[in-house]
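Structural overview
Chain by chain, the residues run as shown.
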Amino acid sequence: MKMFQTPVVLLLALIAACVQATPIGLSPNATAVCASTCNWNDTLIWSTGTVPGVGDDVTIQNTDTTVTLVIDVPISISSFTVSQSNKQASNIKIVSGGSLTISGTSTLGYTTVMTIESGASFTVSGQITNRGLVTVQGNFSALASATPSLDIDTQNGQISTTQVYATVTLDGGYLIAPGGVHVSSTANLLGDGHIIGNVASTGTISMGTSSSVGTLYITGQLVLSTTTTSVGDSKLKVKVASATSFDHIIISDVFVQDGDLIVTPLNNYEPLAHTQFIFANHSSQRGGFDTTRGSGFQGVFNNKWTSAVDQQYTFVIYDSASTVAISVFLVVVCAFLTL
């Protein structure tokens, strides 16, 4: 009889050890199912019946209705995934006083609509892929040293019948990415704010909003590249509202130009002949834009270098009917200005 007791005792001891090794309250692989607007701290929305915390892998499931998940306290988890199904939007709102800290990786599916409000933060230690829409009013830190820390990458997907393109919009916030930010060919980096880290783009970069001008600060390099896909080349969009009001991009390191520069007037503004718009400041420059064109201007651009002394890259719009010069656009290569 004793010869059978030892294995049984060992088995019971092993089970007891496993139970003791699992902290009470932790819920690995927790899934949130929210019907409308929910709070992260509501135990009823979680598949495990407990609020996930340190060490947990969390998934937000899409449903047939738009849902909103509010985070208003500091939260720390292991990984964070918003599922990528053809459902309605998953709104993730990190409000003032709230924070979401992820020790591992994160994937935001194309139905994600995340807002990081002023006074809130979203921190990811591992690499993060964003295929949805993220607005940054507070702090967004993608801390992976691997390249890139943040990948803004579109996949084919829809919310209802609207094509979704991966977008990060800075609304006065900070984006920290020591491994850099990659903007894929159908993705967007928009708005006003600060980026600490190199930016490499085959997609679209635009300052301000669709109806207002703005300034984007990059502490690092900006590298614009062409692509062999059918989508086309990288695009830098600059809006001009008047001779003194227009978009700016301030780059502390090298500015590698390629792809398309697209200039758009606001409020039916028409520049006088030879009006100069110095919209880019950077420490050095390489390359050149493949094309420069207006959106809303009646005319075409001709590009040329001015003297090597002032190192100005000049864009001249000629009226398509009379070939009279109506505007000059300059990219000035100058030392980064300490603001």
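A quick note: this is a predicted structure, and the numbers were derived from the prediction, not measured.

1. Topic: empty space enclosed by the protein
Counted under the stated rule, the structure contains one cavity of 30 Å³ or more. Size it by volume and the largest cavity reaches roughly 50 Å³. Lining the largest cavity are A32, V33, C34, I60, Q61, V67, T68, L69 and N91. Class assignment for the residues of the lining of the largest cavity results in six nonpolar, three polar and no charged.

2. What to know about the environment of S210
By secondary structure assignment, the location of S210 is in the loop between strand 22 (204-207) and strand 23 (215-219). A C-alpha to C-alpha distance of 8.9 Å links S210 and L266, two positions 56 residues apart in sequence. Beyond its immediate sequence surroundings of up to four residues, S210 is in contact with K239 and L266.

3. Focus: the nonpolar core
If you look at the biggest cluster of nonpolar residues, it comprises 64 residues, and the most contacted ones within it are W40, F80, L100, F122, L236 and I249. Apart from residues no more than four positions distant in its own chain, F80 is found in contact with W40, V58, I60, I92, L100, I102, T105, S106, T107, L108 and M114.

4. Focus: the sheet that holds strand 3 (residues 57-60)
Strands belonging to one sheet form pairs held by backbone hydrogen bonds; the direction of such a pair is parallel or antiparallel. With respect to topology, eleven strands assemble into an open sheet ordered 1-3-6-9-12-15-19-21-24-27-30, the strand pairing being parallel. At either end of the open sheet lies a strand with only one pairing partner, and these are strand 1 (30-32) and strand 30 (284-287). Neighbour-to-neighbour, the strand axes of the sheet open up by a mean angle of 15 degrees, direction not taken into account. Both strand 1 and strand 3 contribute to a ladder of three bridges, which runs parallel. Across the sheet, A30 pairs through a bridge with V58, a residue of strand 3.

5. Notes on unusual backbone geometry
With omega at -10 degrees, the peptide bond leading from T147 into P148 counts as cis. On the secondary structure map, P148 appears in the loop between strand 14 (139-142) and strand 15 (150-152). Its identity as a non-glycine residue notwithstanding, N267 has a phi of 55 degrees, on the positive side. Given the relative accessible area of 71%, N267 is considered exposed. Notably, N268 is not glycine yet its phi reads approximately 60 degrees, a positive angle. Residue class for N268 comes out exposed when judged on its relative accessible area of 76%.

Rules and cut-offs
- Each chain carries its own residue numbering, running from 1 in the direction its sequence is written.
- A pLDDT threshold of at least 70 governs which residues receive local features in this predicted model, and a stricter bar of 80 or more applies before side-chain atom pairs are shown or counted, although totals over entire chains, interfaces and linings include all residues.
- Just so you know, side-chain values use all the structure's heavy atoms and leave hydrogens and water out.
- Note on definitions: the grid is 1 Å and covers protein atoms alone; a cavity is a set of points where a 1.4 Å probe fits but cannot get out; a pocket is an open set with protein on both sides within 12 Å along at least five of seven lines; lining residues have an atom within 4 Å of a point.
- Grid points are joined across faces, edges and corners, and a volume is the space filled by probe spheres set on the points.
- Throughout this entry, Asp, Glu, Lys and Arg are counted as charged residues, while Ala, Val, Leu, Ile, Met, Phe, Trp, Tyr, Cys and Pro are counted as nonpolar. The remaining residues, Gly among them, count as polar.
- The helix count covers DSSP runs of H or I at least four residues long, the strand count covers runs of E at least two residues long, and both are numbered beginning at the N terminus.
- Any two residues whose heavy atoms approach within 4.5 Å are treated as being in contact.
- Here, nonpolar core means buried Ala, Val, Leu, Ile, Met, Phe, Trp, Tyr and Cys residues that are tied together by side-chain atoms lying within 4.5 Å of each other.
- Accessibility here uses a 1.4 Å probe with only protein chains present; expressed as a share of the type maximum, an area under 20% marks a residue as buried, one over 50% as exposed, and anything in between as partly exposed.
- Two strands are said to pair when DSSP picks up at least two bridges between them.
- Convention adopted: a line fitted to C-alpha atoms gives each axis, helices being fitted over their contacting stretch, and angles between N-to-C directions are expressed from 0 to 180 degrees.

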